Amino acid sequence: MSEVDLTARCRTSEVFTAPHGFTNGVEGPACDKDGNLYAVNYEREGTIGRVTPKGECSVFLELPEGSVGNGIRFNRNGEMLIADYAGHNIYRYAFDTKQLEVLAHNPDMNQPNDIAIMANDIVFASDPNWSNDTGQLWRILPNGEMTLLETGMGTTNGIEVGPDEATLYVNESVQRRIWAYDLDEQGNISNKRLFREFPDYGLDGMRCDTEGYLYVSRFGKGTVAIFSPEGNLVEEVRLHGSNCTNVTFGGEDGRTVYVTMMDQGNVEMFRAERPGRCRRLFGLV
């Protein structure tokens, strides 16, 4: 099926939270096992906002002064990991003790942006340098040990691990490319190959569902593009806003897709055919 043939299949998302409750830095969406959604910069920069399944929003966490969050993920213990692009940190927050600690810090990072996590808690961080359209890729072990996996890339942004734990996807926003790597249990990458390239608009956050379909934020286009594991465009979901920054899965069945919107300062939502891989990490699907 060609991309032109997909026009009749396009759906439109629904508005989930009120516009401009978040700043234009809204990003990082991730759901805990109870279905609460977390995203950065609610009401003001430097916060983590929580949104209940009913759409009720509040400030959940204040990051230390000088820190501004971006990507959020949860590890297998239910702890929240937060990429702090301003402070060059990866934070870890424990809900039971309410303790926020620095899991990893490296001044050689440009600005940790989006993060992805394996089932064994190995984390990957994209690290763009927006001033010169380049980027890097880092690996962070559960003990905080950091390794620079690749440098000299384009503006690395969206990042995700496939449901087979054997593929890592990384996109470059300005260059409009998605790369795929083979991935082993230790978080080593190899066999870099082009998964998809685009003629227009930008790329931002990405998530996989349980069958390996990749959901990609098309920044500026106002759509979430859904690709098969082979790289074929299956569908584009039309959003109300244009500048979508990231996506995640939640809901009771793991099939609700939440999308953060920079230009609207809010979250939109739509339903997916399959649950998200991130829900599988909680053992929920």
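Residues numbered from 1 in each chain as written. Predicted model: local features only at pLDDT ≥ 70, side-chain atom pairs only at ≥ 80, totals over all residues. Heavy atoms only, no water.

As recorded by an unreviewed UniProt entry, the chain carries the name SMP-30/gluconolactonase/LRE family protein and is attributed to Paenibacillus apiarius.

K.L.:
Break down unusual backbone geometry for me, citing the residues and quoting the values.
P.N.:
Residues other than glycine seldom take positive phi values, yet glutamate 43 does so here, at roughly 70 degrees. The residue glutamate 43 is located in the loop between β4 (37-40) and β5 (47-51) in this model. Unusually for a residue other than glycine, aspartate 133 sits at a positive phi of about 60 degrees. Positionally, aspartate 133 belongs in the loop between β12 (123-129) and β13 (134-140). Relative accessible area serves as the criterion here: at 36%, aspartate 133 is assigned to the partly exposed category. (Helix = DSSP H or I, 4+ residues; strand = E, 2+ residues; numbered from the N terminus. Buried < 20%, exposed > 50% of the residue type's maximum accessible area, 1.4 Å probe, protein only.)

K.L.:
An account of the packing of aromatic side chains is requested, with residue identities and associated values reported.
P.N.:
Within this structure, the stated rule accounts for 14 aromatic pairs. The interplanar angle of 85 degrees and the centroid separation of 5.5 Å between the aromatic rings of phenylalanine 60 and tyrosine 93 together place this pair among those described as edge-to-face. A residue pair is termed long-range when its members are at least 10 positions apart, and phenylalanine 60 in strand β6 (residues 57-62) and tyrosine 93 in strand β9 (residues 89-94) qualify at 33 residues. Every member of this aromatic cluster is reached through a ring pair, and the members are Tyr38, Phe60, Phe74, Tyr93, Phe95 and Phe282. Sitting over the ring of tryptophan 179, lysine 192 keeps its end group 4.5 Å from the ring centre. Looking at arginine 274, its charged tip hangs above the ring of tyrosine 213, at a distance of 3.8 Å from the centre. (Phe/Tyr/Trp six-rings, centres within 6.5 Å; stacked < 30°, edge-to-face > 60°. Lys NZ or Arg CZ within 6 Å of the ring centre and 35° of its normal.)

K.L.:
I'd like a rundown of the sheet that holds strand β10 (residues 99-105), residues and numbers included.
P.N.:
Read across the open sheet, the four strands follow the order β7-β8-β9-β10; overall the sheet is antiparallel. Each of the sheet's edge strands pairs with one partner strand only, and the pair in question is β7 (69-74) and β10. The average undirected angle you get between the axes of adjacent strands in this sheet is 25 degrees. Where β9 and β10 come together, six bridges link them in antiparallel fashion. The residue of β10 that forms the bridge with tyrosine 91 is valine 102. (Pairing = 2+ DSSP bridges. Axes fitted to C-alpha atoms, helices over the stretch in contact; angles between N-to-C directions.)

K.L.:
Describe the sheet that holds β6, with residues and values.
P.N.:
Strand order in the open sheet made by the four strands is β3-β4-β5-β6, with antiparallel pairing throughout. On the outer flanks of this sheet lie β3 (30-31) and β6, each paired with one strand and no other. Pairing geometry for β5 and β6, over five bridges, is antiparallel. Bridge pairing in β6 places isoleucine 48 opposite leucine 61.

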